[in-house]
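What the coordinates show
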Amino acid sequence: MSIEMTNLKYQRDLWLKGEASAKELVEDAFRRIDVTDGKVNAYLHLCQDEAMEQAEKIDAKRSRGEKTGALAGVPLAIKDNICTDGVLTTCASKMLKDFVPPYDATVVRQVREADGIIIGKTNMDEFAMGSSTENSAFKTTGNPWDLQRVPGGSSGGSAAAVAAETVSLALGSDTGGSIRQPAAFCGVVGLKPTYGLVSRYGLVAFASSLDQIGPLTRNVEDSGLALDALVGYDALDATSLRADQKGSYTVGMEESLKGLKVALPVEYQQEGLNPEINETLIKTAAELKSLGATVESVSLPYSAAGLSAYYLISSAEASSNLARFDGVRYGHRPESFETLEELMVNSRSEAFGQEVKRRIMLGTYALSSGYYDAYYQRAQKLRKMIRQQFEDIFRQYDIVLGPVSPILPFVQGEKIDDPLAMYLGDVYTVDVNLAELPAISLPCGFSKEGLPVGMQLIGRHFGEQTLLRAAYQLEKSLNLDLRNTIGKEASK
Amino acid sequence: MKIKPEEVKYIAKLAKLNLSENEISQYTREFDDILEHFAVIASYDVEKVDVNVFDEKQTSSLREDDPTLFGDQEKLYQNTKTLKNGLIQVPKILE
Amino acid sequence: MNWETIIGLEVHVELDTKTKIFCNCPTTFGSPPNRNTCPVCLGLPGTLPVLNEAVVEMAVKAGLALNCEIQRTNKMDRKNYFYPDLPKAYQISQYDLPICTGGYVEIASGEEVKRVRVHRIHIEEDAGKLLHDEEDPVSFIDYNRVGVPLIEIVSEADMRSPEEAVAYLKAVRSILQYAGVSDCRMEQGSLRCDGNISVRPYGQDHFNAKVELKNINSFKELQKALEKEEKRQLELYSFNEGEKVVQETRRWDAAKGRTISMRTKEDAHDYRYFPEPDLKPVYIEEELINKMERQLPELPDEKSRRFLKTYGLTPKEVEILVGEMALSQFYEEVVESGADPKASANWILGDFLRSMKEMELTAEEQPLKAEDLAKLIELIEKGTISGTAGREVFDEMMETGKPPEKIIQEKGLKQISGQDELQAIIEKVIAENPASVEDFKSGKKQAIGFLMGQVMKASKGQANPQVAKSMLEETLID
Ligand SMILES: [Mg+2]
Ligand SMILES: [Zn+2]
């Protein structure tokens, strides 16, 4: 059986109306994976048995007339840095090659409680460090729009899984753009919520003060629906905050953008911005205007320091967060070791990949005595200024518009030997994490070669509703055909 | 040169990483580039920014002092390679 | 040359919370290995710390009890270092914004009262325990203690002798016990202490290199370790080898009775402290401080003054009684049960403490009920039993926990004070010892001693000596 894999709401409604069983939906997802994933490589591990079992339970619930959750019957994928009880969680690292968490992340508990069905864990850059998913220790994921190209990263597997139409929802994590950039590369919608809106409990930390879990979906409405299931104060995460939001995030999406004030920072059209992306940015601004919004140029002078501040802070936190991986309690055991020191050093040296080691080193350096003030401390001060700067802008504007990435999806292997060039690709996404703001990346056009181009809208703290409304209206107005050949192939 | 190979070696030691000579020179080169780029942060005047002044709204919620036992010890230690009578075994630690 | 010794102490105290500092695991002592652990305190990937409110409350209470200023804005920091007893490879502690600053503790220094300043108190988590195999080259880790909340109390370098250091530690210990924030059991490691010591010639302004002493597990060892280290440094300076006194950490080896170098400053750790990003700042409301202030019970100083005034005890007696909270509570219970304050103090400071020591019991394990001891004191006072018999009863009470009346009855220790019964015994003794009676009557007054001995012997020790003696005298004179 083939079900038109369009979106989450469609699948959920099929199930609610009794037109498809959860079992059929899950079977269809695995069939699609069978067809496409040999080429795309979006998944690291599948949980077919658990998913089928879960589907049967949910179908039984329906037949008993029991109340079901908001994601009932929907097959979904989880980035492999989010802990799943009893299911491998590797962070795409040799370090955690056989690590099975004894507990569920809060978001995993939430999707289970919403009766969503986890069908697999997706590929990523090792420990979420990277922008191309090439830093996975296990496989390279292809971009469904052009398999030779990268899907972006670090949530590249999640973005590719949605773009290839194997699932309508995949969870990712965004530390400096890791949901938004792969969403832009793969032509899907990626939402990075306000820091503290979604619990981080069970997300294997890269940089604790920046990490945030969010959904990757095929459209904006689904993003809102997914967010409904993920939000909520969590007593297990001390940085989790109570949002004032009441009701669904999809409420109010239909309202017009008349009077919406959009800011376009001049710093977001820097030298190095691909002209085709810049063109899409200009067109997007025009589209927003046509919808009744005003778009004005603003300046974010501190954002030129954003990338450096981001890399210093995130690497510093990573160096500490990843120190627990020493092979003693869990994780990679080296083949040979005599002393405890050798056990720890060999475990880390053998199991961490190049990029992870690079960030650990960089972060250790930024925190070490003699460099703390010049690097880590100064970066924190700049972070404060960047946050302040956004607060000032949001006193006058509702939304900030900008590109997601300065570059188009690139060919695999092209940038892997130039870390700085890779880092520079994050220039437009990191400020959002530093300022703890919500932002959504949505497809706004295509390059001449037919590669998707994404734009991001940035909102106020806990301003997800306005953000989703603006994105929804923009999406509707642009009305792009976002299906690629891989996805179509799977739907045959 | 912003960073010297000796510093890279020292950092690797702090981070409990054993790097080959090749890796040392590679990281030295790369960090040189990266730190040169990061030099931009020195150009801002952040003298007046106090990182110990916080947003009063952002306060940690505290936990009640109410005990619960995780219970399933076998599951909790399912990833531990060397468990002996409930203890984790490691090579002899010299104090 | 005259030398001056400079000592400062860092005291780690386990707070008496029900759960750990960042997770809900119980803090019970003596559980099977790794039983009190969970994904959070085991530092499993993805887990996050959430601060226990009781930790904040107790730290505030400790700060108030030690006369500190409570810092309204608090932040936790990470102290990074690799060690297998630390599952996250960092300890969550406080670096530049500790919860309490600037307090003091009063100690007796000779005849004077001296203030030892408290520099700061901060909150942190404890590490796990390492066990070493006797035969095989392996060690074992037990994480039960990981995440048990600690406060670290850092004194100023205000102490000038090992005696003062011990007095300070004792004072801190009893204040915290009274405040109810810790049981402070050194033998279980809930109170641990590191000492910093240096020496310098009198009149010298700057400090010489200081040595940090670790692994000190009792007051006695603190005294010994500081004395040994003081001596070692003085000797080096006096042999013109002062350069050998370097800033370093030395371990106190109690068995060998000496300090051993662990690491020098050159290879000291680079802890890379930075603000804990998993926790937001904690603001302490004035309301909480007031509440803790109200909850503070009578502290040792206040109690000492009251004991001196109310019970007419000597300063030395008060010092010992009040120094140990459980002892002072026991004392007051005994007195409240009706026993004479002075006699109660004599019993508690004498036989009671002696037999506690012999039986190797802690204050919490002691088997006596206050009302039983009060009863025993009363029985002796009233003459129901003799002082000698009283000791025997007391020992039995310590052994079995039985009430004194029962023991007296079982052992037949009740004194004979009855006139008729005693008179019969006296008559018999007089009849059987005519020579001694003659001696007494001819003026050898000491002969009564022998006759009393015979009376006691004939009564199997149960005769009330005072009553018996006066009756014997009367009978002889008649
Ligand atoms: Mg400490
Ligand atoms: Zn725990």
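Residues numbered from 1 in each chain as written. Chains lettered and ligands numbered in written order. Predicted model: local features only at pLDDT ≥ 70, side-chain atom pairs only at ≥ 80, totals over all residues. Heavy atoms only, no water.

Focus on the coordination of the zinc ion (ligand 2)
Residue and element names in this part refer to chain C. Binding of the zinc ion (ligand 2) to the protein goes through Cys23 (SG), Cys25 (SG), Cys38 (SG) and Cys41 (SG), at separations of 2.3 to 2.4 Å. One can describe the site at the zinc ion (ligand 2) as tetrahedral: its 4 donor atoms subtend angles covering 99 to 116° at the metal. Here the donor residues for the zinc ion (ligand 2) map to a single chain with the spacing C-x1-C-x12-C-x2-C. What makes Cys38 buried here is its relative accessible area of 9%. On the accessibility criterion, Cys41 (6% relative accessible area) is buried. (Donors = N, O, S within 2.8 Å, 3.2 Å for Na, K, Ca; no water. Tetrahedral: all angles 85-135°; square planar, octahedral: opposite > 155°, others 65-115°. Buried < 20%, exposed > 50% of the residue type's maximum accessible area, 1.4 Å probe, protein only.)

Comments concerning the coordination of the magnesium ion (ligand 1)
Residues and elements named next belong to chain C. Every protein donor of the magnesium ion (ligand 1) is listed here as Glu124 (OE), Glu124 (OE) and Glu152 (OE), and their distances to the metal cover 2.0 to 2.7 Å. Here Glu124 is found in strand E7 (residues 112–125), whereas its partner Glu152 is found in strand E10 (residues 149–155), with 28 residues between them in sequence. According to the relative accessible area criterion, Glu124 is buried, its value standing at 3%. Look at Glu152 and you get buried, because its relative accessible area is 9%. (Helix = DSSP H or I, 4+ residues; strand = E, 2+ residues; numbered from the N terminus.)

Here we look at the pairing of strand E8 (residues 294–298) of chain A
Residue and element names in this part refer to chain A. With 5 bridges joining them, strand E7 (residues 261–265) and E8 adopt parallel strand pairing. Bridge pairing links Leu264 to Ser297 in E8. Handedness of the crossover joining E7 and E8 through helix H8 (residues 275–290) is recorded here as right-handed. (Pairing = 2+ DSSP bridges. Right-handed = clockwise from strand over helix to strand, strands pointing away.)

Describing the domain arrangement of chain C
Residues and elements named next belong to chain C. The domains assigned to chain C are domain 1 (3–291), domain 2 (298–411) and domain 3 (419–477). In this structure, domain 1 and domain 2 have C-alpha centres spaced 34 Å apart. With 10 residues of domain 1 in contact, the opposing surface of domain 2 contributes 12 residues. In terms of surface lost to domain 2, no three residues of domain 1 exceed Gln177, Tyr178 and Arg185, which account for 58% of the buried area on that side. Between domain 1 and domain 2 we count 1 salt bridge in total. A salt bridge links Arg173 to Glu324; the nearest nitrogen and oxygen atoms lie 3.2 Å apart. Inspection of the region where domain 1 meets domain 2 yields 3 residue pairs in polar contact (both at pLDDT 80 or more). Counting residues per element, the side of domain 1 that touches domain 2 draws most heavily on helix H2 (residues 162–179), at 6 residues. (Domains from an automatic or database assignment. Contact = heavy atoms within 4.5 Å. Buried area = accessible area lost by both parts, 1.4 Å probe. Salt bridge = Lys/Arg side-chain N within 4 Å of Asp/Glu carboxyl O. Polar contact = N/O pair within 3.5 Å; in protein donor to acceptor, adjacent residues only side chain to side chain.)

Quick look at the interface of chain A and chain B
Taken together, the contact between chain A and chain B spans 59 residues of the former and 50 residues of the latter. Buried surface at the junction of chain A and chain B, both sides included, amounts to about 4800 Å², of which 63% is carbon and sulfur. Per-residue buried area on chain A facing chain B is highest for Met361, Arg378 and Lys381 of chain A; these three make up 14% of the total on that side. On the surface where chain A and chain B come into contact, there are 5 salt bridges. Summed over the shared surface of chain A and chain B, the result is 22 residue pairs in polar contact (both at pLDDT 80 or more). Breaking the side of chain A that touches chain B down by element, the ones donating at least two residues are helix H9 (306–321), helix H10 (340–351), helix H11 (354–367), helix H12 (373–396) and helix H13 (419–424) of chain A. Counting residues per element, the side of chain A that touches chain B draws most heavily on H12 of chain A, at 11 residues. A per-class count over the side of chain A that touches chain B returns 36 nonpolar, 9 polar and 14 charged. (Nonpolar A, V, L, I, M, F, W, Y, C, P; charged D, E, K, R; others polar.)

Some remarks on the sheet that holds strand E15 (residues 274–275) of chain C
Strands belonging to one sheet form pairs held by backbone hydrogen bonds; the direction of such a pair is parallel or antiparallel. Read across the open sheet, the 3 strands follow the order E5-E4-E15 (chain C); overall the sheet is antiparallel. One side of each edge strand has no neighbouring strand; the edge strands of this open sheet are strand E5 (90–93) and E15 of chain C. Sheet topology note: the strand E4 (residues 77–80) of chain C/E5 of chain C ladder contains 4 bridges and is antiparallel. Among the inter-strand pairings, Asn80 of chain C is bridged to a residue of E5 of chain C, identified as Tyr90 of chain C. Strands E4, E5 and E15 of chain C of the sheet are contacted by H9 of chain A, whose axis makes an angle of about 60° with E4 of chain C. (Axes fitted to C-alpha atoms, helices over the stretch in contact; angles between N-to-C directions.)

Some words on the environment of Tyr77 of chain B
Among the structural elements, Tyr77 of chain B can be located in the loop between helix H3 (73–76) and strand E1 (83–84). Looking at Tyr77 of chain B, the relative accessible area reads 4%, which means it is buried. It is 50 Å that separates the C-alpha atoms of Tyr77 of chain B and Asp45 of chain B, two residues lying 32 residues apart in sequence. Setting aside anything within four residues of it in sequence, one finds Tyr77 of chain B in contact with Leu83 and Ile88 of chain B together with Asn34, Thr37, Leu42 and Tyr143 of chain C. Within the local environment of Tyr77 of chain B, its side chain forms a polar contact with the side chain of Thr37 of chain C, the two groups lying 2.8 Å apart.

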